[in-house]
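Given next are the chains, with one letter for each unit.
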Amino acid sequence: MSMAAKQVGASLRPVQTIAVISGKGGVGKSNIAVNLAVSLGMSGRQVLLFDADFSKGNLDCLMKLSPRFNLSHVMSGEKQLHEVILDGPGGIRVIPGSNGVIEMARMSQIEHASLVGLFSDLGADADTMVIDSSSGLSDSVLHYSRAAREVILVVCDEPTAMQDSLSTIKALHELTGVRRFRVVANQM
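Residues numbered from 1 in each chain as written. Predicted model: local features only at pLDDT ≥ 70, side-chain atom pairs only at ≥ 80, totals over all residues. Heavy atoms only, no water.

With that settled, consider the packing of helix α7 (residues 139-147) against helix α8 (residues 159-176). α8 packs onto α7 with a crossing angle of 70 degrees between their chain directions and a minimal axis gap of 10 Å. Regarding the angle of α7 to α8, the classification is roughly perpendicular. In this structure, α7 meets α8 at a crossing whose hand is right-handed. Contacts between α7 and α8 pair Val141, Leu142, Ser145 and Arg146 from the former with Leu172, Leu175 and Thr176 from the latter. Each residue belonging to the contact of α7 with α8 can be placed in one class, and the counts come to four nonpolar, two polar and one charged. (Axes fitted to C-alpha atoms, helices over the stretch in contact; angles between N-to-C directions. Helix = DSSP H or I, 4+ residues; strand = E, 2+ residues; numbered from the N terminus. Parallel < 35°, antiparallel > 145°, perpendicular 65-115°, else oblique. Left-handed = near helix turned anticlockwise from the far one by under 90°. Contact = heavy atoms within 4.5 Å. Nonpolar A, V, L, I, M, F, W, Y, C, P; charged D, E, K, R; others polar.)

Next comes the structure, spelled out in structure tokens:
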């Protein structure tokens, strides 16, 4: 499965890819991503929830999952991507990120591209991928926002969160060409 399409027999079927981002941490982005994924899963969609916060991943904690392995084990070559996927609530499948692994925060463009390539070989049956991105403007936020069909920006009414959100929109538009953002106001 690529970020945009998945092989089904001899034809390609598009995968709805949704990146959930925020300009700053603490606005509820991960909670929105989890609730969106579970809601879609409960409505009959086959959802893959990807924790793309590579250094401070916490989706497993939010869903009370206990992964033995995570994305850092995949990137180090210890595990294959399909070996770290967990069953989550509402019938969703979860790719746990890593927490506190500094090498994951320092991934190069080539390593990000390699990770995307792993999705091509995954073969997981999913029609929707929700990407819980890190906050701010890291390379992963830029990369996954560019690759997603939909970008959801989570904001709250705190002045610094509003300023960081506007900066994020401007930077993503200028650097990646993202022109449309869906905005979720949280904690208002």
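Our next topic: the sheet that holds strand β6 (residues 93-95). For sheets, the rule is that strands pair by backbone hydrogen bonds, running either parallel or antiparallel. Pairing is mixed in the open sheet, where seven strands are placed in the order β5-β6-β4-β7-β3-β8-β9. In this open sheet, the two strands that pair with only one neighbour each are β5 (86-87) and β9 (182-185). Summarising the sheet, strand β4 (residues 47-52) and β6 pair through three bridges and their orientation is parallel. Note that in β6 the partner of Leu48 across the bridge is Arg93. Running over the sheet, helix α1 (residues 29-42) touches β3 (16-22), β4, β7 (128-133), β8 (150-155) and β9 and is turned about 170 degrees from β7. Running over the sheet, α8 touches β3 and β8 and is turned about 160 degrees from β8. (Pairing = 2+ DSSP bridges.)

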